[in-house]
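Chain and residue survey
Okay, here's what each chain looks like letter by letter:
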Amino acid sequence: MKKIIVAIDSFKGCLTSAEANQAASEGVFAKMPEAEVVQIPVSDGGEGWLEAFNVAIGGELVEVNVKDPLMRPIVAQYLMQGDTAVIEIAKASGLTLLSPEERNPMVATSYGTGQLVVDAVRRGCKHIIIGLGGSATSDCGIGMLRAIIDSFAKGGSWDDVRELDDVRFTIATDVTNPLCGENGAAHVFAPQKFAIKREQSELDSIAEREQTRPQVKGATHEQVLALDARAKRFAEASAKHMGRDCQNMPGAGAAGGLGYAFLQYMNAKCRSGIDLLLDTIHFDDLLQDADLVITGEGSADRQTLMGKLPFGILQRAQRHDVPVMLIAGRIADEQQLLAAGFSRVTCINPPGLPLEIAMQPATAKENIRRVMALIS
């Protein structure tokens, strides 16, 4: 009897990790009714982080009244297990909380993420794990810091905040960018926070429809420069005041600079999101007697090999000589993916399938089930 591990990342805007895993498992059972299938919801720190840790460690989902990136009231959740809290920043400060027309990191704030931190600390949490991904903000965490000051320092300064002195922070991200400069948060990530990014195939398929709609423009060069300059000023002032400078540390540029705020002001440790999750669930132990791992993501290409979730899973599986099948809704650079070690790289969508149909959850699930017939 074969043991198959299914650990597929979310297909953004289409399927959650758990939904993709379930579809793949159904496809495996249709081909191999006697197989042992282990489903693992996964995330690298972005979408699905909370759900993945809820499955991994259990705990209580805590609801908190917070502010969204435009300071509107919403309810967001975090996970609490003992004295550990797990926060997915997108729940309070995420891009998906805003319509395309509202997306503007010049004004979006991370204040709501700070409110989640405050609530966890007030409930006695001593270790807070932060999943950095999917943020709408590029405020270097200033909004988050302000929320903490408002709650704990009563309008004073960060120096008056003592409640975090014995709290340990771990930030999880696949982003290694610094805060500022050409590879920093503003230059690399801010433009996508002004508008939904579209693949060319999608643009082609909806070109006629889009001609009748107002276009959502991306960030201008001047806006990116302004965000970068703002980040630089904040980092320099923080370094002068605190006597240390974290702006060039890996992960500082994550989530619009939220990574920097955690590193600089909370002395956080930065971990690869997927490695942290895989360690938590003892993934290496699960691989001991596995015959195959099935992983995937919405779009796979050479960037998959730059620390993204499927590559993290591949690296673990290679240590145990377990083959890894990669599936995705879109595949590019197939030969590079195969050369990296994936045993099979498969696009779930048949050629010519319009993107708006492929993105329908029912269609994606059926296509995932169908490609499982290729396993052996």
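Look a little higher up for the structure.
Here is what the cut-offs are and how they apply
Residues numbered from 1 in each chain as written. Predicted model: local features only at pLDDT ≥ 70, side-chain atom pairs only at ≥ 80, totals over all residues. Heavy atoms only, no water. Salt bridge = Lys/Arg side-chain N within 4 Å of Asp/Glu carboxyl O. Buried < 20%, exposed > 50% of the residue type's maximum accessible area, 1.4 Å probe, protein only. Phe/Tyr/Trp six-rings, centres within 6.5 Å; stacked < 30°, edge-to-face > 60°. Helix = DSSP H or I, 4+ residues; strand = E, 2+ residues; numbered from the N terminus. Arc of directions from axis to C-beta. Contact = heavy atoms within 4.5 Å. Expected span 1.5 Å × (residues − 1).

Within this structure, the stated rule accounts for 17 salt bridges. Its salt-bridge partner being Arg123, residue Asp119 comes within 2.7 Å of it at the nearest N-O pair. A relative accessible area of 43% places Arg123 in the partly exposed class. One connected set of salt bridges, linked through shared partners, spans Arg271, Asp275, Asp279, Asp284 and Arg316.

A full pass over the atoms with the stated rule returns five aromatic pairs. Measuring from centroid to centroid gives 5.5 Å for Trp158 and Tyr265, while their planes differ by 85°, and the two rings are edge-to-face. Taken together, the residues span a long stretch of sequence, with Trp158 in the loop between α5 (142-152) and β7 (168-172) and Tyr265 in helix α10 (residues 258-266) at a distance of 107 residues. Neither residue differs from the other here; Trp158 and Tyr265 are each classed as buried. By way of ring pairs, the aromatic residues Trp158, Phe234, Tyr260 and Tyr265 are connected into one cluster.

Once that is clear, we can look at helix α2 (residues 49-57). Among the residues of α2, those classed as buried are Trp49, Leu50, Ala52 and Phe53. When α2 is viewed along its axis, its buried side chains cluster within an angular range of 160° and face the same direction. Positive phi appears at Gly58, one or two residues downstream of α2, with a value of about 75°.

Attention now moves to the environment of Leu292. Along the chain, the position of Leu292 falls in strand β9 (residues 292-300). In this structure the C-alpha to C-alpha distance between Leu292 and Asp333, which are 41 residues apart in sequence, comes to 22 Å. In contact with Leu292, not counting residues within four places along its chain, are Lys3, Ile4, Ile5, Val322, Pro323, Met325 and Ile375.

Another point: helix α1 (residues 17-31). Compared with an ideal rise of 1.5 Å per residue, which puts 15 residues at 21 Å, α1 spans 21 Å between its outermost C-alpha atoms and is within 8% of the ideal. Buried within α1 we find Ser17, Ala20, Asn21, Ala23, Ala24, Ser25, Gly27 and Val28. Lining the buried residues of α1 we find β1 (3-8), β2 (36-39), β9 and α16 (361-371).

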